[in-house]
Amino acid sequence: MRVLTRAEVEDQILTISDAMEQATYDYEDRSIEAAQAEADYKYAVAEYAVLLASHGQKMTVADRQTRIDMHCDEQFRVWKLAEARRQALKETLLTLRARMDALRTLNASIRAQT
């Protein structure tokens with residue numbers, strides 16, 4: 001096991017800082033993507049619910065919901081996948097932050113020893 005120098009730790013801090021900045025921009029993009037996918041899904045649900053109601057067929061709430069779910073399954077899938085990508089990127093940001101905190105602690109220890 002090799003001891004890191006102060007310069008190496010500071011270099012890693014800068015690298016992680018750059019990664020965090022990029023991930024933050026990516027998170028914004030993923031959040032917008034997920035919001036748009038959710039809006040598309042909700043619009044498709046509302047549109048199909050109106051279509052079903054305009055036909056005047058009697059059906060149970062469960063039957064109507066099942067038909068809506070089947071009709072809007074692709075929009076639902078797109079929304080949930082976009083949400084999963086957004087959440088995965090959020091976890092990446094949290095991991096980067098934890099690494100940054102650890103490096104700052106390490107850097108403070110190295111400074112105290114010199």
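All values reported here derive from a predicted model rather than from experimental measurement.

### Focus: the pattern of salt bridges
A full pass over the atoms with the stated rule returns nine salt bridges. Put simply, E8 and R2 hold a salt bridge, and the shortest N to O gap is 3.1 Å. Taking relative accessible area as the criterion, E8 reaches 28% and is therefore assigned partly exposed. Here the salt bridges do not stand alone but share partners, grouping R30, E33 and R85 into one network.

### Some points on the environment of E38
Mapped onto the elements, E38 comes out in helix α1 (residues 6–54). Among the residues examined, E38 registers a relative accessible area of 25% and is labelled partly exposed. As for E38 and S54, which are separated by 16 residues in sequence, their C-alpha atoms are 24 Å apart.

### Structural notes on the side chain of R86
Note on placement: R86 falls in helix α3 (residues 73–113). In this structure R86 comes out as buried when scored by relative accessible area, which is 16%. Setting aside residues up to four positions removed in sequence, R86 forms contacts with Y27, R30, S31 and A34.

### Considering the side chain of N107
The topology assignment puts N107 in helix α3. Look at N107 and you get buried, because its relative accessible area is 7%.

### Some points on α3
Over its 41 residues, α3 runs 60 Å from end to end, which matches the ideal 60 Å to within 8%, given 1.5 Å per residue. All of the buried residues along α3 are W79, A82, R86, L89, L93, L96, M100, L103, N107 and I110. In this structure, the buried side of α3 is in contact with α1.

Conventions we followed
- Residues numbered from 1 in each chain as written.
- Predicted model: local features only at pLDDT ≥ 70, side-chain atom pairs only at ≥ 80, totals over all residues.
- Heavy atoms only, no water.
- Salt bridge = Lys/Arg side-chain N within 4 Å of Asp/Glu carboxyl O.
- Buried < 20%, exposed > 50% of the residue type's maximum accessible area, 1.4 Å probe, protein only.
- Helix = DSSP H or I, 4+ residues; strand = E, 2+ residues; numbered from the N terminus.
- Contact = heavy atoms within 4.5 Å.
- Expected span 1.5 Å × (residues − 1).

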